[in-house]
Amino acid sequence: GAGDVLTGVIASLVGQKLPALEAAQLGAYIHGLAGDIASDPEGELGMTAGELVDSLAAASSNLSAAAVGSACPRRAGGVTARVPRSACGVCTCGE
């Protein structure tokens, strides 16, 4: 389920040589952002792990774009991510 998706995201980050703590933090953020993106059209009720997986690429691209200042990961795909403003630290959107 969703926990397996989270584990896979974190494992892929560790596999890319990110330290474990940073991989866990970034993995949780990407997982949550993907959930926000997946829930936008249909809502959260009944969301499947497959829908979450399908949104991972969009979450990662929005995060990558934000790292160079072209987008805000909290507003990926027009969806405001449910991430505390202080936890973002990726862009300079002021939020």
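Residues numbered from 1 in each chain as written. Predicted model: local features only at pLDDT ≥ 70, side-chain atom pairs only at ≥ 80, totals over all residues. Heavy atoms only, no water.

With that settled, the discussion passes to the nonpolar core. Grouped together as the largest cluster of nonpolar side chains are 13 residues, with contacts concentrated most on Val 5, Val 9, Ile 30, Leu 33, Ala 34, Leu 56 and Ala 59. Elements with a minimum of two residues in this core: helix H1 (2-15), helix H2 (20-42) and helix H3 (49-67). In terms of residue count, the dominant contributor to this core is H2 (six residues). Among residues more than four places away in sequence, those in contact with Val 5 are His 31, Ala 49, Leu 52, Val 53 and Leu 56. (Core = buried A, V, L, I, M, F, W, Y, C linked by side-chain atoms within 4.5 Å. Buried < 20%, exposed > 50% of the residue type's maximum accessible area, 1.4 Å probe, protein only. Helix = DSSP H or I, 4+ residues; strand = E, 2+ residues; numbered from the N terminus. Contact = heavy atoms within 4.5 Å.)

Quick look at unusual backbone geometry now. The residue Lys 17 is not glycine, and still its phi comes out positive at about 75 degrees. For Lys 17, the position within the fold is in the loop between H1 and H2.

Moving on, we come to H1. For H1, with 14 residues, the first-to-last C-alpha span of 20 Å sits near the 20 Å given by 1.5 Å per residue. Buried residues of H1: Val 5, Val 9 and Leu 13, and no others. Buried residues along H1 cover an arc of 70 degrees about the axis, so they all sit on one side. Counted as exposed and oriented over 90 degrees from the buried face of H1: Asp 4, Thr 7 and Gly 15. Trailing H1 by a residue or two, Lys 17 shows a phi angle of about 75 degrees, which is positive. (Expected span 1.5 Å × (residues − 1). Arc of directions from axis to C-beta.)

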